Structures are given as C-alpha cells and as structure tokens.
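As a plain string of letters, each chain reads:
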Amino acid sequence: MTCVHPGRLHPDHETRTSMLDKRKGLTMIRRYALSSLLLLGTSTFGACEKEETKPAVAPAAPAAPAAPAPAAAPVDDKGPIKVGILHSLSGTMAISETSLKDVALMTIEEINEAGGVLGRKLEPVVVDPASNWPLFAEKARDLIQNQHVAVTFGCWTSVSRKSVLPVFEELNGLLFYPVQYEGEESSWNVFYTGAAPNQQAIPAVEYLMSKKGGAAKRWVLLGTDYVYPRTTNKILRYFLHAKGVADDDIMEKYTPFGHSDYQTIVADVKKFAAGKRTAVVSTINGDSNVPFYKELGNQGIKATDIPVVAFSVGEEELRGVDTKPLVGQLAAWNYFESIDNPTNKAFIDKWMAYVKKNNLPGGDKRVTNDPMEATYIGIHMWAQAVDQAHTTNVDAVRQAVGYQHFKAPSGFDITMDAENHHLHKPVFIGEVKADGQFRVVWKTDGPIKAEAWSPYIPDDKGKIANWLYPWACGNCTEAKYK
C-alpha cells in the first residue's frame, strides 16, 4: 500500500489549487489522515449504522489497524490513468445523463492538454448502464475489478447510486456523484458534488413561502416514484409541519420513470389549488419532465397562478420543451448557465468549442447546467488531489480530496468538506425565460455547508456524518474512537 504522510498532502501546486491556512489546514489534515488509518481495516465504509453493508470494527488500538481493503488504483504507474464514466446514454435518463458524459470527456481532455496528472494522461473508460439500475452495479464492478479505473464519475438517480454503493464500498473504489440528492447518506467511498436538501429543496420552499416568492399556503409534492423524491418529500413534509402547514394542505403524488400522461394529475393539481395560494414542488426526473411541462401549458397553468419549482429540470431538459408557456416557473440549483462572471464565460466557451470540435448532437443549441458544473468541479478536485498525494492510490487520494478548493463557474470558490464528503455550495433560484434560460431571482450570499442528515426528521436527531478522527463515521451519534 502507498502511504502519504499527512504533512505532505497539500504541497504548493500554485497552478492547480488554492493553499490552505497552514496551521488550521495541517491540523485538520492530520485528523483526516488518522481517521483514514483507523478505517483502513474495514471493507465497507458507508456509515456506522444502517448505511454500512458491514459495520466497521474498531481496532484494539489506533496504532494497530487491521489489513487494508484492496486498493482500486492500477498497478502500472507509468501508463495512462484510467477513469470510469458511468452514465446512462440510453433509456429514460439519457436526456439528462448524456451531457454529463460529454462534459466529463471535455474536462479530461482539458486536464490532458495541461499535462495530465502526475505527468500521465487520463484515459476515460465510458460505459452505458442504460437507465437499468442493477446494470449500474455490474458496470461499476467491471470498471473497478477489470478495467482497474482509479476513480469513477457517474450516476444521476439515487436508485443508481444506491445500486453501486455496495460495490464501491466492497472494492474500496472511489465515486464522485454529481447530482442533487435526498441526503441521509455519507459514504467513505463517495464524494457528493451535487446538492443536499438544505442546499436546494429547503431554500426553495422557504422562498415560495416568502412574500417575494408568492406566500404559498398549500403544497403539491410531485415526483418520480423512487428514493430521491420520496425521501426529499419526507423531509419537506416534516419541514412544512414545522412551519405550521397541516397535512390537509399537502398533496403528494408519484409517477413511474418514463411516465408520459400528466393530464389527470395536472387537473387534480388545479382542483387542489382552488381557494388557497398553492405551489408545486417537482422532483420528476428524466424524460417525464417533457410531457409534464407540456401539460402545464396545455391546461393554461401559468407561474402567476400556480408556481412550480423543479429540482431536476435545468437548461438541458428545457431544450425539448416550448418554454413560452412556462415563463416564470422556477428551478432551484447551485448553478445556472445565465450566471454572468468571467469563470462561467470561459466554461461555456470551452464547452461550446468542444461541442463544435466533436460535432456533438444539438450543435450550437447545447447548453450547460448544474450537474455538468458539478461534474467539472469533481474531476478537477480529484485531479488536484492525485497531484498532491503523488499517487492514484484510493486511500491516499481520499485523504487529499478533503479541503480541495476550486474556482467554480458559479463564481464562488468551492470547498470539499472533509468531514461529510459534500461540497459547500451556493444556492440559486431562477425563473424560466422564453429562451429556455433562467433569470436568477434569489441566491445565497455564498456557499453553505451540506447537511448529510436532516434536522427535520425525528429519527435523524443527533446523527453525525464526520469522517475525521475521532468520529470516523457517516452515520453515528457518538464518536467511534474515544
């Protein structure tokens, strides 16, 4: 096993990364390194309780951990570094995930043109799990065991992430997950570059409750029938209760993946909205968004009548919809293409040049969106961490990913939280414009820390996600090492 001394994890790489405050940084890194050494004796690191496939067993003494799990890094330290791209390129999720594959390849090309990582080129290994959740797990296992990738960037839906999670934990692989999700998880083997509920869902509902957002009193929670919408809506129901909203003023409905007939549901929403100011919170995923938004237009629902805030609809999904009837409808994200700053302009220009050079479908109508930015950030952070750790060894790189900084297209300096493996992210709420872009109507002052466990769910009370010593866990109520 390749070991990295904690004091060497953040050398001066001026061209690739921001430096930490030395006294605070080295202290925190040593805590993370010690946590890593204590945890190497387990083959499953997802959590201390229910999120773990196997509970971690504390060693008899911190100085004597058990044998480490096999590292996923390739043995060859001279050839290209293989990296996995695990996104659906067919099936119901292809509408959203194809662009993440494309931007991942663009980012890898960008890094290679700048000299690669450790002086080696990155070699993408692209697979298509075809919106088939068990196939995600099979493809993940193949990437780690047979392709020997050093890291995987992938998944969109939480059901796909839940499918691959046991594989990454069993084989000690590393996954960067780039999409907003329901929280209630923190894995030793995953870095979450999308939003947790307090970085998207909660601020969006607070906005709709405000005078500026329309002061909604009645709520429709509408989603695709799987773990992300159901868990997010569970959190939102508890949140609404805490704000004095009764169950009679909450309507909750789910449709299967690929659902296309929203006529009855939209009519039910109109009926439910009669008499009270109502807002719809949409966690519909995939290509079902197209018929849903078309039906809103067909039934004449305008944002001034019933505002809809979406958590899985961005610029890419709106490319296939006549957006004129949807003007004023909302989405909550951590990035919009319309954000005006030099970093975002450079990101968009780079993307459009890549689209043109590779003759990608859609041509000059292609757009950027939030999960694309999250993918871009995650790949760069991993590359920075490898450079700093001087190895692709998973255990060493994992130590170095915490505290990485990256100047993001959102305009903010984004940090990876070493405690819970989530990014600190800004929140933006945007209104749909006639051209399919968004006008930002509300935003946070800066990035906010993710909450892996919701403070609104009673069963989550006291739960901690902190991979630093002495906690060393993703789901516990007391420190593992005392």
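The rules behind each value
Residues numbered from 1 in each chain as written. Predicted model: local features only at pLDDT ≥ 70, side-chain atom pairs only at ≥ 80, totals over all residues. Heavy atoms only, no water. Pairing = 2+ DSSP bridges. Helix = DSSP H or I, 4+ residues; strand = E, 2+ residues; numbered from the N terminus. Axes fitted to C-alpha atoms, helices over the stretch in contact; angles between N-to-C directions. Contact = heavy atoms within 4.5 Å. Expected span 1.5 Å × (residues − 1). Buried < 20%, exposed > 50% of the residue type's maximum accessible area, 1.4 Å probe, protein only. Arc of directions from axis to C-beta. Phe/Tyr/Trp six-rings, centres within 6.5 Å; stacked < 30°, edge-to-face > 60°. Lys NZ or Arg CZ within 6 Å of the ring centre and 35° of its normal.

## Considerations on the sheet that holds strand 10 (residues 330–333)
Then comes step 1: Here seven strands make up an open sheet; going across it, the order is 7-6-8-9-10-13-14 and the pairing mixed. Among the strands making up the open sheet, the edge pair consists of strand 7 (250–255) and strand 14 (438–443). Geometrically, the sheet is characterised by an average inter-axis angle of 25 degrees between neighbouring strands, direction not taken into account.
Then comes step 2: Note: strand 6 (residues 218–224) against strand 7, six bridges, orientation parallel. Within strand 7, the residue paired with Gly-223 across the bridge is Tyr-254.
Then comes step 3: Each of strand 6, strand 7 and strand 8 (278–283) is contacted by helix 7 (residues 263–272), which is oriented at about 175 degrees to strand 7, the strand it contacts most.

## So, helix 3 (residues 133–146)
Residues that lie three or four places apart on an α-helix share one face, since the helix turns once every 3.6 residues.
Then comes step 1: Across its 14 residues, helix 3 extends 20 Å between first and last C-alpha, which sits within 8% of the 20 Å expected from 1.5 Å per residue.
Then comes step 2: Within helix 3 the residues assigned to the buried category are Trp-133, Phe-136, Ala-137, Ala-140, Leu-143 and Ile-144. An end-on view of helix 3 places all buried positions within 125 degrees of arc, on one side of the element. Seen from the open side of helix 3, the exposed residues pointing more than 90 degrees away from its buried face are Pro-134, Glu-138 and Asn-146.
Then comes step 3: Contact partners of the buried residues in helix 3: strand 1 (81–86), helix 2 (94–113), strand 2 (122–127), strand 3 (152–154) and helix 4 (158–171).
Then comes step 4: Directly after helix 3, the chain includes His-148, whose backbone phi takes a positive value near 55 degrees.

## Side note on the packing of aromatic side chains
For any two aromatic rings, the description comes down to two numbers: the centre-to-centre distance and the angle of the planes.
Then comes step 1: Across all of its chains, the model carries 20 aromatic pairs by this definition.
Then comes step 2: Here Tyr-262 and Phe-292 contribute two aromatic rings whose centre-to-centre distance is 5.5 Å and whose plane-to-plane angle is 65 degrees, an arrangement assigned as edge-to-face. Of this pair, Tyr-262 sits in the loop between strand 7 and helix 7 while Phe-292 sits in helix 8 (residues 289–298); the two residues are 30 residues apart in sequence, bridging distant segments of the chain.
Then comes step 3: Taking relative accessible area as the criterion, Tyr-262 reaches 1% and is therefore assigned buried.
Then comes step 4: Of the residues examined, Phe-292 reaches a relative accessible area of 2% and is grouped as buried.
Then comes step 5: With a centroid separation of 6.4 Å and 20 degrees between ring planes, the pair formed by Trp-351 and Tyr-354 is classed as stacked. Linking Trp-351 with Tyr-354, this pair stays in helix 10 (residues 342–357), spanning three residues, or about one helical turn. Considered together, Trp-351 and Tyr-354 belong to a single accessibility category, that of buried residues.
Then comes step 6: Cluster of aromatic residues (ring-pair linked, three or more members): Trp-133, Phe-136, Tyr-226, Tyr-228 and Phe-257.
Then comes step 7: The ring of Tyr-177 has Arg-161 sitting right over it, with the charged end atom 4.9 Å from the ring centre.

## Observations regarding the pairing of strand 1
Then comes step 1: Of all six residues making up strand 1, five are buried, and the element is well covered by its neighbours.
Then comes step 2: Pairing geometry for strand 1 and strand 2, over six bridges, is parallel. By the bridge assignment for strand 2, Ile-85 is matched with Val-126.
Then comes step 3: By the bridge criterion, three bridges tie strand 1 to strand 3 in an arrangement that is parallel. In the strand pairing of strand 3, Ile-85 is matched with Phe-153.

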